[in-house]
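Single-letter residue listing:
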Amino acid sequence: MLKCKDLVALSSDLLDGELTLKQRIAVRMHLAMCVHCRRFIRQLRVSQRVIRQLPDQQAPELDTLLRAMQAQQQRASEPDQSDSSK
Ligand SMILES: [Zn+2]
């Protein structure tokens, strides 16, 4: 069974879609049980999206990144948008 530590180790491959089927299943099972990792993955997705939106792939200032992430999260936590897009 996957541990939180293992999931963190797999997380970047997960977001890049580079996991094997077996790994994906293990990750999903873990996410189904573990709210911490669900939150972690969601956070990671948000930050990945934010980073992609930045021009030139420069490493952003941490400050800028955090602020952008907070803005994204606020938008994501508004009840209407998260469900209707599915
Ligand atoms: Zn976990």
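Residues numbered from 1 in each chain as written. Predicted model: local features only at pLDDT ≥ 70, side-chain atom pairs only at ≥ 80, totals over all residues.

Some words on the overall build of the chain
Test applied: Secondary structure follows DSSP: runs of H or I at least 4 residues long count as helices, runs of E at least 2 residues long count as strands, and numbering of each begins at the N terminus. To sort residues by exposure, count the other C-beta atoms lying within 10 Å of each residue's C-beta; 20 or more gives buried, 12 or fewer gives exposed, and values between give partly exposed, all with C-beta atoms placed from the backbone. The contact rule is simple: place each C-beta atom from the backbone, and if two of them lie within 7 Å, those residues are in contact.
Scanning the chain from N- to C-terminus turns up five helices and zero strands. Ordered by position in the sequence, the α and β elements of the chain form the string α-α-α-α-α. The buried share among the 86 residues of the chain stands at 5%. In the chain, once contacts between residues fewer than 6 apart in sequence are set aside, the share between residues at least 24 apart is 39%.

What about the environment of Q73?
Within the secondary structure layout, Q73 lies in helix α4 (residues 62–76). Note on Q73: 14 C-beta atoms within 10 Å, which makes it partly exposed. For the pair Q73 and Q43, spaced 30 residues apart in sequence, the C-alpha to C-alpha distance is 8.4 Å.

Describing the UniProt feature "domain: Putative zinc-finger" (unreviewed entry) in the chain
For clarity, the threshold we go by: UniProt positions are given in the numbering used here, feature names are shortened, and annotations may be inferred rather than shown by experiment.
In the numbering adopted here, UniProt assigns the feature "domain: Putative zinc-finger" (unreviewed entry) to residues 4–38. Annotated as 83% helix and 0% strand, the span residues 4–38 places its first and last C-alpha atoms 10 Å apart.

Considering the packing of helix α1 (residues 4–15) against helix α3 (residues 35–53)
Any two packed helices are characterised by how steeply their axes cross, that is the angle between the axes, and by the distance between the axes. Note the following rule: Between N-to-C directions, angles span 0 to 180 degrees; the directions come from axes that are lines fitted to C-alpha atoms, helices contributing only their stretch in contact. Roughly parallel here means an angle under 35 degrees, roughly antiparallel means over 145, roughly perpendicular means 65 to 115, and every remaining angle is called oblique. Two helices crossing with the near one rotated counterclockwise from the far one by less than a right angle form a left-handed crossing, whereas a clockwise rotation gives a right-handed crossing. Amino acids outside the nonpolar list (Ala, Val, Leu, Ile, Met, Phe, Trp, Tyr, Cys, Pro) and the charged list (Asp, Glu, Lys, Arg) are all regarded as polar, and Gly is one of them.
Here α1 crosses α3 at 30°, and the two axes come no closer than 11 Å. What the angle tells us is that α1 and α3 run roughly parallel. Crossing of α1 against α3: the hand is right-handed. Across the interface between the two elements, C4, L7, S11 and L15 of α1 pack against H36, C37, I41, L44, R45 and Q48 of α3. For the contact of α1 with α3, the class distribution of residues is six nonpolar, three polar and one charged.

Examining the environment of L2
Position of L2 among the secondary structure elements: in the segment before α1. According to the C-beta neighbour criterion, L2 is partly exposed, with 19 such atoms within 10 Å. Separated by 29 residues in the primary sequence, L2 and L31 place their C-alpha atoms 9.7 Å from one another.

A few points about the packing of α1 against helix α2 (residues 21–33)
Put simply, α1 and α2 touch, their axes get as near as 11 Å, and they point 120° apart. Looking at the two axes, α1 sits oblique to α2. The hand of the α1/α2 crossing is left-handed. Within the contact between the two elements, α1 uses L7, L10 and L14 and α2 uses Q23, V27 and H30. Looking at the contact of α1 with α2, its residues break down into four nonpolar, two polar and no charged.

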